[in-house]
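Listed here are the chains, written in short residue letters.
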Amino acid sequence: MKTVSLSEKVDTHSPAGAEVRFMVEGATGGMIHCTLPPFQVNKAVIHATVNEFWYVLSGHGEIWRDNGIDSSVTKLSAGMSINILPDTVFQYRSVSDEALTFICITMPPWPSDTEASFVDKGKWVPTV
């Protein structure tokens, strides 16, 4: 059994650019807390094998997802959940003066930062 309190200190940054605080990880998945500062636009990335599930805690943002068949921008706000499947290009941004915060669950567990590849064809110009 694991019990973790959310750290005030940032543990690392995601390959796309969000602040990451580690939570729990197990054999089948992992959970992190992510913060995107106000008006930050992250880099566009694609994952090879990992599914992501997000639950937005606070702030306002947008996420662009493109799987080669469907491409859309979804508004993000507290209480919303989304998924990001492998082989889906995505990019997200904070669109207000409040940080965008969310819980991210990965399945399987995040293998390493080589899981994410940068993509030049993002929806917006990154600020990180």
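Residues numbered from 1 in each chain as written. Predicted model: local features only at pLDDT ≥ 70, side-chain atom pairs only at ≥ 80, totals over all residues. Heavy atoms only, no water.

Colleague: Explain the side chain of glutamate 115 to me, using residue names and the numbers behind them.
Modeller: By secondary structure assignment, the location of glutamate 115 is in the loop between β10 (100–107) and β11 (116–118). In this structure, glutamate 115 is buried with no salt-bridge partner, the nearest side chain bearing the opposite charge being arginine 65 at 16 Å. In terms of polar contacts, glutamate 115 uses its side chain to reach the backbone amide nitrogen of threonine 49, at 2.5 Å. Among the polar contacts listed, one links the side chain of glutamate 115 to the backbone nitrogen of valine 50, at a separation of 2.8 Å. In this structure glutamate 115 touches Ile46, His47, Ala48, Thr49, Val50 and Trp110, once residues within four positions along its chain are discounted. (Helix = DSSP H or I, 4+ residues; strand = E, 2+ residues; numbered from the N terminus. Buried < 20%, exposed > 50% of the residue type's maximum accessible area, 1.4 Å probe, protein only. Lys, Arg positive; Asp, Glu negative; His and termini not counted. Salt bridge = Lys/Arg side-chain N within 4 Å of Asp/Glu carboxyl O. Polar contact = N/O pair within 3.5 Å; in protein donor to acceptor, adjacent residues only side chain to side chain. Contact = heavy atoms within 4.5 Å.)

Colleague: Residues and numbers for the pattern of salt bridges, please.
Modeller: Throughout the structure, instances matching the rule amount to 1 salt bridge. For the salt bridge of arginine 93 with glutamate 62, the shortest nitrogen-to-oxygen distance reads 2.6 Å. Of this pair, arginine 93 sits in strand β9 (residues 89–94) while glutamate 62 sits in strand β6 (residues 60–66), and the two are 31 residues apart along the sequence. A relative accessible area of 14% means that glutamate 62 is categorised as buried.

Colleague: Talk me through a nonpolar patch on the surface; I want residue IDs and the actual numbers.
Modeller: Residues Phe53, Ile105 and Met107 make up a contiguous nonpolar surface patch of about 230 Å² in total accessible area. Looking at the secondary structure, you find phenylalanine 53 in strand β5 (residues 51–58). Residue phenylalanine 53 is classed as partly exposed on the basis of its relative accessible area of 34%. (Patch = residues over 30% accessible without salt bridge, like charges linked within 9 Å, V, L, I, M, F, W, Y side chains within 5 Å. Areas by Shrake-Rupley, 256 points an atom, 1.4 Å probe, with all protein chains shown as cover.)

Colleague: Please provide a residue-by-residue account of the sheet that holds strand β3 (residues 30–36), values included.
Modeller: Judged by pairing direction, the sheet is antiparallel, and its 6 strands sit side by side in the order β1-β2-β3-β10-β5-β8 without closing on themselves. Each having just a single partner strand, β1 (12–13) and β8 (81–84) make up the two edges of the open sheet. The pairing of strand β2 (residues 19–25) with β3 spans 5 bridges and is classified as antiparallel. Within β3, the position partnered with glutamate 25 by the bridge is glycine 30. (Pairing = 2+ DSSP bridges.)

Colleague: Tell me about the side chain of threonine 106, and please be specific about residues and values.
Modeller: Looking at the element boundaries, threonine 106 is found in strand β10. A relative accessible area of 7% means that threonine 106 is categorised as buried.

Colleague: Explain the nonpolar core residue by residue, including any values.
Modeller: Burial of nonpolar side chains together is a common tendency in soluble globular proteins. Of all hydrophobic cores here, the largest spans 18 residues; its most connected members are Trp54, Ile63, Leu76, Phe90, Tyr92 and Phe102. Elements represented by at least two residues in this core include exactly β3, β5, β8, β9 and β10. Every residue in contact with phenylalanine 90, bar those within four places of it in the chain, is listed here: Lys43, Ala44, Val45, His47, Glu52, Trp54, Ile63, Trp64, Arg65 and Ile84. Ranked by size, the runner-up nonpolar core spans 6 residues in total, among them Val41, Ala44, Trp64 and Trp124. (Core = buried A, V, L, I, M, F, W, Y, C linked by side-chain atoms within 4.5 Å.)

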